[in-house]
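As a plain string of letters, each chain reads:
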Amino acid sequence: MAEELTQENPEIPETPEAVLEDAADADGDEPVKQRKNGLYPGVSDELAENMKSGWADTELHDLEPIAQAAETAARRAALSARFPGERLVIPAGNLKTRSNDTEYSFRASVEYAYLTGNQTEDGVLVLEPKGDGHTATIYLLPRSDRENGEFWLSGQGELWVGRRHSLTEAGKLYGIPASDVRELAANLREATGPVRVVRGHDAGIEAALTDKVTAERDEELRVFLSEARLVKDEFEIGELQKAVDSTVRGFEDVVKVLDRAEATSERYIEGTFFLRARVEGNDVGYGSICAAGPHACTLHWVRNDGPVRSGDLLLLDAGVETHTYYTADVTRTLPVNGRYSELQKKIYDAVYDAQEAGIAAVQPGAKYRDFHDASQRVLAERLVEWGLVEGPVERVLELGLQRRWTLHGTGHMLGMDVHDCAAARVETYVDGTLEPGMVLTVEPGLYFQADDLTVPEEYRGIGVRIEDDILVTADGNRNLSAGLPRRSDEVEEWMAALKG
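All values reported here derive from a predicted model rather than from experimental measurement. (Residues numbered from 1 in each chain as written. Predicted model: local features only at pLDDT ≥ 70, side-chain atom pairs only at ≥ 80, totals over all residues. Heavy atoms only, no water.)

## Some points on the sheet that holds strand S13 (residues 439-442)
Stage number 1. Taken in spatial order, the three strands make up an open sheet running S13-S16-S17, and their pairing is antiparallel. Bordering the open sheet on either side are S13 and strand S17 (476-479), each of which pairs with just one other strand. Strand-to-strand, the axes of this sheet are offset by a mean angle of 40°, without reference to chain direction.
Stage number 2. Strand direction decides the pairing type here: strand S16 (residues 468-473) and S17, joined by four bridges, are antiparallel. Looking across to S17, one finds that valine 472 is bridged to asparagine 477. (Pairing = 2+ DSSP bridges. Helix = DSSP H or I, 4+ residues; strand = E, 2+ residues; numbered from the N terminus. Axes fitted to C-alpha atoms, helices over the stretch in contact; angles between N-to-C directions.)

Here it is, written out as C-alpha coordinates:
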(Lines give C-alpha, C1' and ligand atoms only; values in the text may rest on other atoms or scores of the structure.)
Protein backbone atom coordinates (compact mmCIF):
# COMPACT_ATOMS: atom_id res chain seq x y z
CA MET A 1 0.00 0.00 0.00
CA ALA A 2 1.37 3.41 -0.95
CA GLU A 3 2.10 5.90 1.80
CA GLU A 4 0.01 9.07 1.69
CA LEU A 5 1.69 12.43 1.83
CA THR A 6 -0.81 13.92 4.23
CA GLN A 7 -3.09 12.74 6.94
CA GLU A 8 -6.78 12.56 6.08
CA ASN A 9 -8.61 15.84 6.62
CA PRO A 10 -12.36 15.73 7.32
CA GLU A 11 -12.62 19.21 5.74
CA ILE A 12 -10.48 20.04 2.76
CA PRO A 13 -8.77 23.46 2.97
CA GLU A 14 -9.61 25.91 0.21
CA THR A 15 -6.07 26.36 -1.13
CA PRO A 16 -2.85 24.31 -1.39
CA GLU A 17 -1.24 26.86 0.88
CA ALA A 18 -3.83 26.06 3.53
CA VAL A 19 -2.99 22.37 3.21
CA LEU A 20 0.55 23.32 4.12
CA GLU A 21 -0.13 26.11 6.61
CA ASP A 22 -2.69 24.18 8.61
CA ALA A 23 0.00 21.59 9.24
CA ALA A 24 2.59 23.88 10.75
CA ASP A 25 3.33 23.25 14.38
CA ALA A 26 3.62 25.98 17.02
CA ASP A 27 7.19 26.78 16.06
CA GLY A 28 6.57 26.70 12.33
CA ASP A 29 9.20 23.98 11.98
CA GLU A 30 6.87 21.47 10.33
CA PRO A 31 5.58 23.14 7.15
CA VAL A 32 3.90 20.06 5.66
CA LYS A 33 0.96 18.17 7.13
CA GLN A 34 2.16 14.60 6.76
CA ARG A 35 2.41 11.30 8.48
CA LYS A 36 4.73 11.21 11.47
CA ASN A 37 7.17 9.16 9.43
CA GLY A 38 6.37 10.55 5.98
CA LEU A 39 9.19 10.72 3.47
CA TYR A 40 8.43 14.10 1.86
CA PRO A 41 9.18 17.26 3.89
CA GLY A 42 6.72 19.46 2.02
CA VAL A 43 5.12 20.61 -1.21
CA SER A 44 6.86 23.34 -3.17
CA ASP A 45 4.87 26.18 -4.67
CA GLU A 46 6.05 25.03 -8.08
CA LEU A 47 4.77 21.50 -7.56
CA ALA A 48 1.47 22.73 -6.19
CA GLU A 49 1.01 24.95 -9.24
CA ASN A 50 2.10 22.20 -11.61
CA MET A 51 -0.48 19.77 -10.22
CA LYS A 52 -3.34 22.17 -11.03
CA SER A 53 -3.06 21.90 -14.80
CA GLY A 54 -2.50 19.49 -17.65
CA TRP A 55 -5.42 17.19 -16.89
CA ALA A 56 -7.94 16.01 -19.49
CA ASP A 57 -11.67 16.62 -19.08
CA THR A 58 -13.12 13.29 -17.90
CA GLU A 59 -16.74 14.32 -17.35
CA LEU A 60 -19.10 11.51 -18.42
CA HIS A 61 -21.86 12.78 -20.69
CA ASP A 62 -23.77 9.73 -21.96
CA LEU A 63 -24.86 8.18 -18.68
CA GLU A 64 -28.11 6.24 -18.39
CA PRO A 65 -30.12 5.93 -15.18
CA ILE A 66 -29.30 2.92 -13.00
CA ALA A 67 -31.37 -0.22 -13.58
CA GLN A 68 -33.55 0.29 -10.50
CA ALA A 69 -34.19 4.02 -10.99
CA ALA A 70 -37.93 3.51 -11.53
CA GLU A 71 -38.17 1.33 -8.43
CA THR A 72 -36.25 3.73 -6.18
CA ALA A 73 -38.48 6.58 -7.38
CA ALA A 74 -41.59 4.57 -6.46
CA ARG A 75 -40.12 3.82 -3.03
CA ARG A 76 -39.44 7.51 -2.40
CA ALA A 77 -43.01 8.31 -3.47
CA ALA A 78 -44.38 5.82 -0.92
CA LEU A 79 -42.16 7.36 1.76
CA SER A 80 -43.34 10.84 0.83
CA ALA A 81 -46.98 9.79 1.08
CA ARG A 82 -46.43 8.32 4.55
CA PHE A 83 -44.86 11.48 6.05
CA PRO A 84 -46.48 14.50 4.35
CA GLY A 85 -45.18 17.92 5.32
CA GLU A 86 -42.06 16.57 7.08
CA ARG A 87 -38.40 16.83 6.13
CA LEU A 88 -36.90 13.33 5.90
CA VAL A 89 -33.15 12.74 6.17
CA ILE A 90 -31.63 9.37 5.25
CA PRO A 91 -27.81 9.12 5.47
CA ALA A 92 -25.58 6.55 3.79
CA GLY A 93 -23.04 6.58 6.61
CA ASN A 94 -19.32 7.25 6.82
CA LEU A 95 -16.13 5.25 6.51
CA LYS A 96 -15.17 3.32 9.62
CA THR A 97 -11.58 2.90 10.73
CA ARG A 98 -10.30 -0.66 10.79
CA SER A 99 -6.92 0.22 12.28
CA ASN A 100 -4.78 3.36 12.31
CA ASP A 101 -5.34 4.84 8.84
CA THR A 102 -7.05 1.95 7.05
CA GLU A 103 -10.81 1.69 6.72
CA TYR A 104 -13.29 -1.13 6.39
CA SER A 105 -14.86 -1.55 2.97
CA PHE A 106 -17.81 0.80 2.90
CA ARG A 107 -21.39 -0.46 2.71
CA ALA A 108 -24.08 2.17 2.58
CA SER A 109 -27.00 1.98 4.99
CA VAL A 110 -29.77 -0.23 3.67
CA GLU A 111 -32.35 2.55 3.99
CA TYR A 112 -30.28 4.92 1.86
CA ALA A 113 -29.36 2.33 -0.79
CA TYR A 114 -32.99 1.14 -0.98
CA LEU A 115 -34.24 4.66 -1.71
CA THR A 116 -31.47 5.86 -4.04
CA GLY A 117 -29.43 2.99 -5.47
CA ASN A 118 -26.33 4.97 -4.53
CA GLN A 119 -23.63 3.33 -2.42
CA THR A 120 -21.01 6.00 -1.71
CA GLU A 121 -19.90 7.11 1.73
CA ASP A 122 -21.10 10.39 3.23
CA GLY A 123 -24.14 10.54 0.96
CA VAL A 124 -27.45 11.80 2.36
CA LEU A 125 -30.92 11.70 0.82
CA VAL A 126 -33.16 14.58 1.88
CA LEU A 127 -36.86 14.81 1.09
CA GLU A 128 -38.03 18.41 1.50
CA PRO A 129 -41.79 18.93 1.90
CA LYS A 130 -43.37 20.77 -1.01
CA GLY A 131 -47.09 21.08 -1.59
CA ASP A 132 -48.70 17.67 -1.24
CA GLY A 133 -45.41 15.83 -1.58
CA HIS A 134 -41.65 16.26 -1.40
CA THR A 135 -38.70 17.22 -3.55
CA ALA A 136 -35.77 14.84 -3.25
CA THR A 137 -32.10 15.85 -3.25
CA ILE A 138 -29.15 13.52 -2.97
CA TYR A 139 -26.22 15.15 -1.18
CA LEU A 140 -22.82 13.77 -2.17
CA LEU A 141 -19.16 14.65 -2.19
CA PRO A 142 -18.37 16.17 -5.61
CA ARG A 143 -15.30 15.32 -7.66
CA SER A 144 -12.18 16.03 -5.62
CA ASP A 145 -10.89 19.54 -6.26
CA ARG A 146 -7.90 20.09 -8.56
CA GLU A 147 -7.45 23.73 -7.58
CA ASN A 148 -6.90 23.21 -3.85
CA GLY A 149 -4.87 20.02 -4.24
CA GLU A 150 -7.44 17.77 -2.59
CA PHE A 151 -7.32 15.27 -5.45
CA TRP A 152 -3.72 14.32 -4.67
CA LEU A 153 -3.04 15.64 -1.14
CA SER A 154 -6.04 14.18 0.69
CA GLY A 155 -6.09 10.54 1.72
CA GLN A 156 -9.60 10.38 0.24
CA GLY A 157 -8.61 12.27 -2.91
CA GLU A 158 -9.12 10.95 -6.40
CA LEU A 159 -5.53 9.81 -6.95
CA TRP A 160 -5.64 7.80 -3.72
CA VAL A 161 -9.02 6.09 -3.73
CA GLY A 162 -10.40 6.66 -7.22
CA ARG A 163 -12.68 9.00 -9.09
CA ARG A 164 -16.04 10.04 -7.67
CA HIS A 165 -18.95 10.92 -9.92
CA SER A 166 -19.54 14.60 -10.44
CA LEU A 167 -22.79 15.94 -9.06
CA THR A 168 -24.13 16.29 -12.60
CA GLU A 169 -23.26 12.67 -13.34
CA ALA A 170 -24.89 11.53 -10.10
CA GLY A 171 -28.09 13.37 -10.95
CA LYS A 172 -28.30 11.49 -14.25
CA LEU A 173 -27.54 8.11 -12.72
CA TYR A 174 -29.94 8.22 -9.79
CA GLY A 175 -32.66 10.45 -11.20
CA ILE A 176 -32.33 12.83 -8.25
CA PRO A 177 -30.83 16.35 -8.27
CA ALA A 178 -27.44 16.22 -6.53
CA SER A 179 -25.83 18.83 -4.28
CA ASP A 180 -22.61 19.16 -2.28
CA VAL A 181 -22.96 17.29 1.00
CA ARG A 182 -20.42 19.54 2.69
CA GLU A 183 -23.06 22.27 2.80
CA LEU A 184 -25.80 20.07 4.22
CA ALA A 185 -25.09 20.14 7.97
CA ALA A 186 -25.20 23.95 8.03
CA ASN A 187 -28.45 23.92 6.06
CA LEU A 188 -30.03 21.40 8.41
CA ARG A 189 -29.09 23.42 11.47
CA GLU A 190 -31.18 26.27 10.01
CA ALA A 191 -34.09 24.02 9.02
CA THR A 192 -37.55 24.66 10.43
CA GLY A 193 -40.60 22.46 10.65
CA PRO A 194 -40.87 18.75 11.52
CA VAL A 195 -37.82 16.60 10.72
CA ARG A 196 -37.07 12.89 10.92
CA VAL A 197 -33.69 11.20 10.45
CA VAL A 198 -32.58 7.58 10.17
CA ARG A 199 -30.20 7.29 13.11
CA GLY A 200 -27.02 5.35 13.63
CA HIS A 201 -25.22 6.10 10.37
CA ASP A 202 -23.90 9.67 10.35
CA ALA A 203 -23.08 11.37 13.64
CA GLY A 204 -22.44 14.74 11.98
CA ILE A 205 -25.87 14.85 10.37
CA GLU A 206 -27.52 13.77 13.60
CA ALA A 207 -25.67 16.48 15.52
CA ALA A 208 -26.98 19.11 13.10
CA LEU A 209 -30.53 17.94 13.85
CA THR A 210 -30.16 17.29 17.57
CA ASP A 211 -32.71 19.93 18.66
CA LYS A 212 -35.18 19.15 15.87
CA VAL A 213 -35.83 15.40 16.13
CA THR A 214 -37.06 12.88 18.70
CA ALA A 215 -36.13 9.25 19.11
CA GLU A 216 -39.76 8.16 18.89
CA ARG A 217 -40.45 9.94 15.62
CA ASP A 218 -37.18 8.78 14.11
CA GLU A 219 -37.99 5.20 15.06
CA GLU A 220 -41.29 5.48 13.19
CA LEU A 221 -39.32 6.38 10.07
CA ARG A 222 -36.95 3.44 10.52
CA VAL A 223 -39.84 1.04 11.10
CA PHE A 224 -41.68 2.25 8.00
CA LEU A 225 -38.61 1.75 5.81
CA SER A 226 -38.11 -1.73 7.27
CA GLU A 227 -41.70 -2.75 6.64
CA ALA A 228 -41.59 -1.29 3.12
CA ARG A 229 -39.09 -4.02 2.25
CA LEU A 230 -41.29 -6.92 3.40
CA VAL A 231 -42.78 -7.31 -0.09
CA LYS A 232 -40.17 -7.28 -2.84
CA ASP A 233 -40.70 -5.68 -6.24
CA GLU A 234 -39.72 -7.42 -9.48
CA PHE A 235 -36.27 -5.83 -9.52
CA GLU A 236 -35.55 -7.10 -6.03
CA ILE A 237 -36.75 -10.61 -6.82
CA GLY A 238 -34.48 -10.65 -9.86
CA GLU A 239 -31.51 -9.55 -7.76
CA LEU A 240 -32.21 -12.20 -5.14
CA GLN A 241 -32.33 -14.85 -7.85
CA LYS A 242 -28.95 -13.60 -9.14
CA ALA A 243 -27.55 -13.86 -5.63
CA VAL A 244 -28.86 -17.39 -5.23
CA ASP A 245 -27.58 -18.51 -8.63
CA SER A 246 -24.08 -17.28 -7.79
CA THR A 247 -24.34 -18.97 -4.41
CA VAL A 248 -25.20 -22.29 -6.08
CA ARG A 249 -22.03 -21.96 -8.15
CA GLY A 250 -20.09 -21.14 -4.99
CA PHE A 251 -21.29 -24.34 -3.33
CA GLU A 252 -20.23 -26.30 -6.41
CA ASP A 253 -16.79 -24.67 -6.19
CA VAL A 254 -16.46 -25.85 -2.59
CA VAL A 255 -17.39 -29.46 -3.33
CA LYS A 256 -14.74 -29.59 -6.05
CA VAL A 257 -11.95 -28.65 -3.62
CA LEU A 258 -12.93 -30.58 -0.50
CA ASP A 259 -9.74 -32.63 -0.80
CA ARG A 260 -7.71 -29.42 -0.50
CA ALA A 261 -9.79 -28.35 2.49
CA GLU A 262 -8.95 -31.68 4.14
CA ALA A 263 -5.29 -30.90 3.59
CA THR A 264 -5.63 -27.45 5.13
CA SER A 265 -8.70 -26.31 7.10
CA GLU A 266 -12.17 -24.77 6.95
CA ARG A 267 -10.43 -21.60 5.78
CA TYR A 268 -9.96 -23.17 2.35
CA ILE A 269 -13.72 -23.54 2.06
CA GLU A 270 -14.27 -19.96 3.20
CA GLY A 271 -11.76 -18.62 0.69
CA THR A 272 -13.15 -20.70 -2.16
CA PHE A 273 -16.67 -19.40 -1.65
CA PHE A 274 -15.43 -15.84 -1.15
CA LEU A 275 -13.73 -15.92 -4.54
CA ARG A 276 -17.07 -16.64 -6.22
CA ALA A 277 -18.76 -13.89 -4.21
CA ARG A 278 -16.18 -11.28 -5.21
CA VAL A 279 -16.02 -12.31 -8.86
CA GLU A 280 -19.79 -12.38 -9.43
CA GLY A 281 -21.05 -10.03 -6.73
CA ASN A 282 -20.17 -7.33 -4.27
CA ASP A 283 -19.15 -9.54 -1.36
CA VAL A 284 -20.50 -12.28 0.84
CA GLY A 285 -23.78 -11.22 2.40
CA TYR A 286 -22.56 -12.27 5.87
CA GLY A 287 -19.66 -14.14 7.38
CA SER A 288 -19.62 -17.59 5.79
CA ILE A 289 -20.22 -20.48 8.18
CA CYS A 290 -17.86 -23.29 7.11
CA ALA A 291 -18.42 -25.68 9.99
CA ALA A 292 -16.91 -29.16 9.78
CA GLY A 293 -17.46 -31.93 12.31
CA PRO A 294 -18.66 -30.75 15.75
CA HIS A 295 -18.33 -27.10 14.68
CA ALA A 296 -21.63 -27.65 12.84
CA CYS A 297 -23.31 -27.52 16.25
CA THR A 298 -22.18 -23.89 16.73
CA LEU A 299 -24.89 -21.96 14.93
CA HIS A 300 -22.75 -19.02 13.78
CA TRP A 301 -19.35 -20.67 13.50
CA VAL A 302 -17.38 -18.08 11.51
CA ARG A 303 -13.88 -18.67 12.86
CA ASN A 304 -13.50 -21.31 10.17
CA ASP A 305 -10.15 -22.47 11.47
CA GLY A 306 -10.91 -26.12 12.22
CA PRO A 307 -9.97 -29.34 10.45
CA VAL A 308 -12.00 -30.90 7.66
CA ARG A 309 -12.01 -34.69 8.03
CA SER A 310 -13.31 -37.52 5.90
CA GLY A 311 -16.27 -39.14 7.62
CA ASP A 312 -17.46 -35.86 9.16
CA LEU A 313 -20.19 -33.56 7.93
CA LEU A 314 -19.59 -30.06 6.60
CA LEU A 315 -22.30 -27.50 7.36
CA LEU A 316 -21.86 -24.71 4.81
CA ASP A 317 -24.07 -21.66 5.35
CA ALA A 318 -23.14 -18.94 2.87
CA GLY A 319 -24.56 -16.37 0.48
CA VAL A 320 -23.34 -14.15 -2.33
CA GLU A 321 -24.36 -10.49 -2.14
CA THR A 322 -25.06 -8.79 -5.48
CA HIS A 323 -23.67 -5.42 -6.51
CA THR A 324 -27.02 -3.93 -5.44
CA TYR A 325 -26.73 -5.43 -1.92
CA TYR A 326 -29.25 -8.30 -2.19
CA THR A 327 -28.00 -11.45 -0.54
CA ALA A 328 -28.71 -15.14 -0.72
CA ASP A 329 -28.70 -17.28 2.43
CA VAL A 330 -28.35 -21.00 1.73
CA THR A 331 -27.22 -23.93 3.87
CA ARG A 332 -26.30 -27.48 2.94
CA THR A 333 -24.86 -30.14 5.21
CA LEU A 334 -22.53 -32.29 3.14
CA PRO A 335 -20.60 -35.48 3.87
CA VAL A 336 -16.95 -34.59 3.41
CA ASN A 337 -16.19 -37.96 1.80
CA GLY A 338 -19.32 -37.83 -0.34
CA ARG A 339 -21.39 -40.45 1.52
CA TYR A 340 -23.55 -40.09 4.63
CA SER A 341 -23.12 -42.68 7.34
CA GLU A 342 -26.28 -44.47 8.45
CA LEU A 343 -26.72 -42.24 11.50
CA GLN A 344 -25.82 -39.06 9.62
CA LYS A 345 -28.41 -39.96 6.99
CA LYS A 346 -31.09 -40.62 9.62
CA ILE A 347 -30.55 -37.20 11.17
CA TYR A 348 -30.24 -35.47 7.80
CA ASP A 349 -33.43 -37.05 6.48
CA ALA A 350 -35.32 -35.91 9.58
CA VAL A 351 -34.22 -32.32 8.93
CA TYR A 352 -35.10 -32.70 5.25
CA ASP A 353 -38.61 -33.89 6.13
CA ALA A 354 -38.99 -30.97 8.52
CA GLN A 355 -37.92 -28.55 5.81
CA GLU A 356 -40.34 -30.11 3.33
CA ALA A 357 -43.17 -29.53 5.81
CA GLY A 358 -42.01 -25.97 6.37
CA ILE A 359 -41.76 -25.12 2.68
CA ALA A 360 -45.22 -26.58 2.05
CA ALA A 361 -46.61 -24.18 4.68
CA VAL A 362 -45.29 -21.11 2.84
CA GLN A 363 -48.45 -19.91 1.09
CA PRO A 364 -50.07 -16.53 0.51
CA GLY A 365 -52.54 -15.87 3.30
CA ALA A 366 -50.80 -18.25 5.70
CA LYS A 367 -49.56 -16.98 9.02
CA TYR A 368 -45.85 -16.23 9.05
CA ARG A 369 -45.39 -18.64 11.96
CA ASP A 370 -46.95 -21.59 10.12
CA PHE A 371 -43.77 -22.77 8.41
CA HIS A 372 -41.88 -22.69 11.69
CA ASP A 373 -44.58 -24.65 13.51
CA ALA A 374 -44.76 -27.25 10.73
CA SER A 375 -41.01 -27.85 10.76
CA GLN A 376 -40.77 -27.97 14.54
CA ARG A 377 -43.53 -30.56 14.74
CA VAL A 378 -41.65 -32.94 12.44
CA LEU A 379 -38.44 -32.53 14.42
CA ALA A 380 -40.25 -33.08 17.72
CA GLU A 381 -41.85 -36.25 16.34
CA ARG A 382 -38.44 -37.64 15.37
CA LEU A 383 -36.88 -36.79 18.72
CA VAL A 384 -39.70 -38.62 20.50
CA GLU A 385 -39.44 -41.53 18.06
CA TRP A 386 -35.71 -41.84 18.74
CA GLY A 387 -36.28 -41.81 22.49
CA LEU A 388 -34.31 -38.61 23.06
CA VAL A 389 -37.22 -36.77 24.69
CA GLU A 390 -40.33 -38.08 26.40
CA GLY A 391 -43.60 -37.60 24.49
CA PRO A 392 -46.27 -37.07 23.62
CA VAL A 393 -45.35 -34.65 20.83
CA GLU A 394 -47.92 -32.07 21.92
CA ARG A 395 -46.30 -31.91 25.34
CA VAL A 396 -42.86 -31.51 23.80
CA LEU A 397 -44.03 -28.62 21.61
CA GLU A 398 -46.00 -26.94 24.39
CA LEU A 399 -42.97 -26.92 26.67
CA GLY A 400 -40.48 -26.27 23.86
CA LEU A 401 -38.41 -29.29 24.87
CA GLN A 402 -37.26 -29.89 21.29
CA ARG A 403 -35.36 -26.62 21.44
CA ARG A 404 -32.44 -28.27 23.23
CA TRP A 405 -31.56 -29.75 19.84
CA THR A 406 -33.30 -27.40 17.36
CA LEU A 407 -32.19 -24.15 19.03
CA HIS A 408 -33.23 -21.46 16.54
CA GLY A 409 -36.27 -20.24 14.67
CA THR A 410 -36.95 -21.91 11.33
CA GLY A 411 -36.38 -18.87 9.12
CA HIS A 412 -36.42 -15.13 8.56
CA MET A 413 -37.09 -12.50 5.93
CA LEU A 414 -34.38 -12.07 3.31
CA GLY A 415 -33.33 -9.13 1.14
CA MET A 416 -30.76 -6.34 1.41
CA ASP A 417 -29.99 -7.61 4.90
CA VAL A 418 -29.56 -11.30 5.51
CA HIS A 419 -32.02 -10.87 8.39
CA ASP A 420 -34.11 -8.38 6.48
CA CYS A 421 -36.81 -6.04 7.78
CA ALA A 422 -35.59 -6.52 11.35
CA ALA A 423 -37.09 -3.23 12.58
CA ALA A 424 -40.60 -4.11 11.38
CA ARG A 425 -43.35 -4.29 13.96
CA VAL A 426 -44.04 -7.73 15.41
CA GLU A 427 -47.64 -7.59 14.19
CA THR A 428 -46.53 -7.11 10.58
CA TYR A 429 -43.63 -9.58 10.67
CA VAL A 430 -43.67 -12.56 13.05
CA ASP A 431 -47.38 -12.21 13.80
CA GLY A 432 -48.18 -11.17 10.25
CA THR A 433 -49.52 -12.90 7.15
CA LEU A 434 -47.51 -14.02 4.12
CA GLU A 435 -48.07 -12.09 0.89
CA PRO A 436 -46.87 -12.65 -2.68
CA GLY A 437 -43.46 -11.03 -3.12
CA MET A 438 -42.17 -11.85 0.34
CA VAL A 439 -38.91 -13.81 0.42
CA LEU A 440 -37.92 -15.84 3.45
CA THR A 441 -35.63 -18.67 4.44
CA VAL A 442 -36.79 -22.07 5.65
CA GLU A 443 -33.94 -23.61 7.65
CA PRO A 444 -34.70 -26.25 10.28
CA GLY A 445 -31.80 -27.94 12.01
CA LEU A 446 -30.81 -30.55 14.57
CA TYR A 447 -27.67 -30.06 16.66
CA PHE A 448 -26.29 -32.65 19.06
CA GLN A 449 -23.54 -30.93 21.02
CA ALA A 450 -20.30 -32.81 21.57
CA ASP A 451 -20.77 -32.58 25.35
CA ASP A 452 -24.49 -33.44 25.46
CA LEU A 453 -24.76 -36.42 27.82
CA THR A 454 -28.52 -36.76 27.27
CA VAL A 455 -28.06 -38.33 23.83
CA PRO A 456 -26.24 -41.52 22.80
CA GLU A 457 -22.53 -41.00 22.23
CA GLU A 458 -22.75 -41.64 18.51
CA TYR A 459 -25.07 -38.62 18.09
CA ARG A 460 -22.69 -36.19 19.77
CA GLY A 461 -20.96 -33.71 17.50
CA ILE A 462 -23.43 -34.10 14.63
CA GLY A 463 -25.12 -30.92 13.39
CA VAL A 464 -27.40 -30.67 10.36
CA ARG A 465 -29.15 -27.66 8.84
CA ILE A 466 -30.80 -27.32 5.42
CA GLU A 467 -31.76 -23.84 4.28
CA ASP A 468 -33.41 -22.52 1.15
CA ASP A 469 -34.65 -19.12 -0.02
CA ILE A 470 -38.39 -19.20 -0.71
CA LEU A 471 -40.43 -16.64 -2.67
CA VAL A 472 -44.12 -16.40 -1.82
CA THR A 473 -46.08 -16.44 -5.09
CA ALA A 474 -49.73 -15.80 -5.91
CA ASP A 475 -50.47 -19.53 -5.90
CA GLY A 476 -47.90 -20.93 -3.47
CA ASN A 477 -44.15 -20.54 -3.41
CA ARG A 478 -41.01 -20.89 -5.49
CA ASN A 479 -37.72 -22.20 -4.17
CA LEU A 480 -35.14 -19.75 -5.50
CA SER A 481 -32.32 -22.09 -4.46
CA ALA A 482 -33.75 -25.24 -6.04
CA GLY A 483 -30.58 -25.46 -8.12
CA LEU A 484 -28.90 -27.14 -5.16
CA PRO A 485 -30.05 -30.68 -4.35
CA ARG A 486 -31.55 -31.28 -0.92
CA ARG A 487 -32.52 -34.95 -0.61
CA SER A 488 -29.69 -37.05 0.84
CA ASP A 489 -29.37 -39.41 -2.13
CA GLU A 490 -29.43 -36.49 -4.55
CA VAL A 491 -26.72 -34.71 -2.55
CA GLU A 492 -24.49 -37.77 -2.79
CA GLU A 493 -25.04 -38.08 -6.55
CA TRP A 494 -24.38 -34.35 -7.03
CA MET A 495 -21.15 -34.49 -5.06
CA ALA A 496 -19.94 -37.56 -6.93
CA ALA A 497 -20.61 -35.86 -10.27
CA LEU A 498 -18.75 -32.69 -9.24
CA LYS A 499 -15.75 -34.61 -7.93
CA GLY A 500 -15.75 -36.49 -11.21
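## A look at the packing of helix H3 (residues 69-82) against helix H10 (residues 215-227)
Stage number 1. Where H3 contacts H10, the axes come no closer than 11 Å and their chain directions differ by 140°. Between H3 and H10, the crossing angle belongs to the class labelled oblique. In the crossing of H3 with H10, the sense of the turn from one axis to the other is right-handed. When H3 is examined against H10, the residues Ala78, Leu79 and Arg82 are found in contact with a partner set consisting of Leu221, Phe224 and Leu225.
Stage number 2. Its residues assigned to classes, the contact of H3 with H10 comprises five nonpolar, no polar and one charged. (Parallel < 35°, antiparallel > 145°, perpendicular 65-115°, else oblique. Left-handed = near helix turned anticlockwise from the far one by under 90°. Contact = heavy atoms within 4.5 Å. Nonpolar A, V, L, I, M, F, W, Y, C, P; charged D, E, K, R; others polar.)

## Points about the packing of aromatic side chains
Stage number 1. The full count for this structure, using the stated rule, is eight aromatic pairs.
Stage number 2. Geometrically, the ring pair formed by phenylalanine 251 and phenylalanine 273 is edge-to-face, given 6.0 Å between the ring centres and 90° between the ring planes. Here the residue phenylalanine 251 occupies a position in helix H11 (residues 234-256), and phenylalanine 273 occupies one in helix H13 (residues 266-280), the gap between them amounting to 22 residues. Comparing phenylalanine 251 with phenylalanine 273, the two get one shared label, buried.
Stage number 3. On the numbers, 6.1 Å between centres and 55° between planes, the contact of tryptophan 386 with tyrosine 459 is tilted. With tryptophan 386 in the loop between helix H15 (370-385) and helix H16 (393-399) and tyrosine 459 in the loop between strand S14 (445-448) and strand S15 (462-465), the pair connects residues that are 73 residues apart, well separated along the chain.
Stage number 4. The class of tryptophan 386 is buried, set by a relative accessible area of 16%. (Phe/Tyr/Trp six-rings, centres within 6.5 Å; stacked < 30°, edge-to-face > 60°. Buried < 20%, exposed > 50% of the residue type's maximum accessible area, 1.4 Å probe, protein only.)

## Observations regarding the pattern of salt bridges
Stage number 1. Under the definition given, this model contains 37 salt bridges.
Stage number 2. Between arginine 196 and glutamate 86 there is a salt bridge; the shortest N-O distance is 2.7 Å. With a gap of 110 residues between them, arginine 196 in strand S7 (residues 195-197) and glutamate 86 in the loop between H3 and strand S1 (87-91) connect regions that are remote in the sequence. A single burial state applies to arginine 196 and to glutamate 86, both of which are buried. (Salt bridge = Lys/Arg side-chain N within 4 Å of Asp/Glu carboxyl O.)

## Some words on the UniProt feature "domain: Aminopeptidase P N-terminal" (unreviewed entry) in the protein chain
Stage number 1. Per the UniProt annotation, the sites labelled "domain: Aminopeptidase P N-terminal" (unreviewed entry) are residues 67-206.
Stage number 2. For residues 67-206, the helix share is 34%, the strand share is 22%, and the end-to-end C-alpha distance is 31 Å. (UniProt positions renumbered as here; feature names shortened; annotations may be inferred.)

## With respect to the environment of aspartate 233
Stage number 1. Inspection of the secondary structure puts aspartate 233 in the loop between H10 and H11.
Stage number 2. Residue classification places aspartate 233 among the partly exposed positions, given a relative accessible area of 22%.
Stage number 3. Linking aspartate 233 and methionine 438, residues 205 residues apart in sequence, is a C-alpha distance of 9.1 Å.
Stage number 4. Sequence-distant contacts of aspartate 233, defined by excluding residues within four places in its chain, comprise Glu71 and Arg75.
Stage number 5. Only 2.9 Å separates the side chain of aspartate 233 from the side chain of arginine 75, close enough to count as a polar contact. (Polar contact = N/O pair within 3.5 Å; in protein donor to acceptor, adjacent residues only side chain to side chain.)

## Remarks on the nonpolar core
Stage number 1. Core analysis: the biggest nonpolar cluster contains 90 residues, and Leu79, Ile90, Ile269, Ile347, Trp386, Leu446 and Phe448 have the highest contact counts within it.
Stage number 2. In terms of residues, this core owes the most to one element, H11, which gives nine residues.
Stage number 3. Formed by 17 residues, the second largest nonpolar core is a distinct cluster that contains Ile359, Val362, Phe371 and Val442. (Core = buried A, V, L, I, M, F, W, Y, C linked by side-chain atoms within 4.5 Å.)

## A word on the side chain of arginine 486
Stage number 1. Relative to the assigned elements, arginine 486 resides in the loop between S17 and helix H18 (488-499).
Stage number 2. Of the polar contacts made by the side chain of arginine 486, one reaches the side chain of glutamate 356; its length is 2.6 Å.
Stage number 3. If we skip the residues at most four places from it in the chain, arginine 486 touches Arg332, Tyr348, Tyr352, Gln355, Glu356, Ile359, Ile466, Asp468, Asn479 and Val491.

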